[in-house]
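A closer look at the structure
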Amino acid sequence: MTFKAPDSLAEQIAHHLAERIIRGDLKPGERIQEQKVTLALNVSRGSVREALLILERRHLIAILPRRGAHVTELTAHKVQSLCTLMGEMYILLGNAVAEGWQTQADMAPFLQIQQRLQASYEREDIRAFVEESFNVMRAAYPFANNPYLQETVENLQPAMNRAYYLALDQRKASMSEYLALFEQLLAAVLARDLVQIRLVLSAYCQRSSSLVIAALADA
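Everything numeric here is computed off the predicted structure, so don't read it as measured data. (Residues numbered from 1 in each chain as written. Predicted model: local features only at pLDDT ≥ 70, side-chain atom pairs only at ≥ 80, totals over all residues. Heavy atoms only, no water.)

**Concerning the packing of helix α1 (residues 9–23) against helix α3 (residues 45–57)**
Across the interface, α1 lies against α3 with an axial gap of 8 Å and an inter-helix angle of 60°. As judged from the angle between their axes, α1 and α3 are oblique. The crossing of α1 and α3 is right-handed. Between α1, through Leu9, Ala10, Glu11, Ile13, Ala14, Leu17 and Ala18, and α3, the contact on the second element is made entirely by Ser47, Val48, Glu50, Ala51, Leu52, Ile54 and Leu55. Taken together, the residues of the contact of α1 with α3 sort by class into 11 nonpolar, 1 polar and 2 charged. (Axes fitted to C-alpha atoms, helices over the stretch in contact; angles between N-to-C directions. Helix = DSSP H or I, 4+ residues; strand = E, 2+ residues; numbered from the N terminus. Parallel < 35°, antiparallel > 145°, perpendicular 65-115°, else oblique. Left-handed = near helix turned anticlockwise from the far one by under 90°. Contact = heavy atoms within 4.5 Å. Nonpolar A, V, L, I, M, F, W, Y, C, P; charged D, E, K, R; others polar.)

**With respect to the packing of aromatic side chains**
Per the stated rule, a full pass over the model turns up 7 aromatic pairs. Taking the centre distance of 5.6 Å and the plane angle of 80° together, the rings of Phe129 and Tyr178 count as edge-to-face. Here Phe129 is found in helix α6 (residues 126–144), whereas its partner Tyr178 is found in helix α8 (residues 175–190), with 49 residues between them in sequence. Each member of the pair Phe129 and Tyr178 is classed as buried. Judged by centre distance (6.3 Å) and plane angle (55°), the ring pair of Tyr164 and Tyr178 falls under tilted. Taken together, the residues Tyr164 in helix α7 (residues 147–169) and Tyr178 in helix α8 connect sequence positions 14 residues apart. With a relative accessible area of 9%, Tyr164 lands in the buried category. Judged by its relative accessible area of 7%, Tyr178 is buried. Taken together through their ring pairs, the aromatic side chains of Tyr90, Phe129, Tyr164, Tyr178, Phe182 and Tyr204 make up a single cluster. (Phe/Tyr/Trp six-rings, centres within 6.5 Å; stacked < 30°, edge-to-face > 60°. Buried < 20%, exposed > 50% of the residue type's maximum accessible area, 1.4 Å probe, protein only.)

**What to know about the pattern of salt bridges**
Two side chains that carry opposite charge are able to pair once their charged atoms sit near each other. Inspection of the entire model under this criterion finds 12 salt bridges. Its salt-bridge partner being Glu19, residue Arg127 comes within 4.0 Å of it at the nearest N-O pair. Of this pair, Arg127 sits in helix α6 while Glu19 sits in helix α1; the two residues are 108 residues apart in sequence, bridging distant segments of the chain. Among the ionic pairs, Arg123 bridges to Asp125, the shortest N-O distance being 3.5 Å. Residue classification places Asp125 among the partly exposed residues on the basis of a relative accessible area of 22%. (Salt bridge = Lys/Arg side-chain N within 4 Å of Asp/Glu carboxyl O.)

As structure tokens, then:
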């Protein structure tokens, strides 16, 4: 059994602010003032400062000398670069699950996530859908057993979620399209078909990149 400590206060603050950035409540270039966050959430300034460092590591904000913390800009180049890199890490995780699962019980978490994705789609709940999409990667971590891969995905996935949320929110992408892709991915993993896993995930990341860039053009 793996011990997991409760999220620290700084992590909770970072999660709260990340959700606002991902949903677009905090706009690109908008300043995040420590004092305002401290008063709004009734927390210490030190915890807020630590939370901002977490968000900077996750590429959602930039902290600049004498200018403070600002929400990072989304650009076509950043989106394309992010999707290309994340695609390779998704493939590593997908391959690890394909090579590592032994029983149907090993695959149960992914089937449960698929059901929750379907429920989010039926409710038209974009926020929950994006969060469950991230949970697919988290369910794959134990199979990869690679702390460096896990840390890198954890730090980059919020930026990916932000980009994909924008595409979904502007109806450039559809939840039904992702559900169909996830079904193809599960079939490839169950068949231990590493070639198909790469094809499915590469196509997904290329498609995501083009959809987000189209959404940025209309934003």
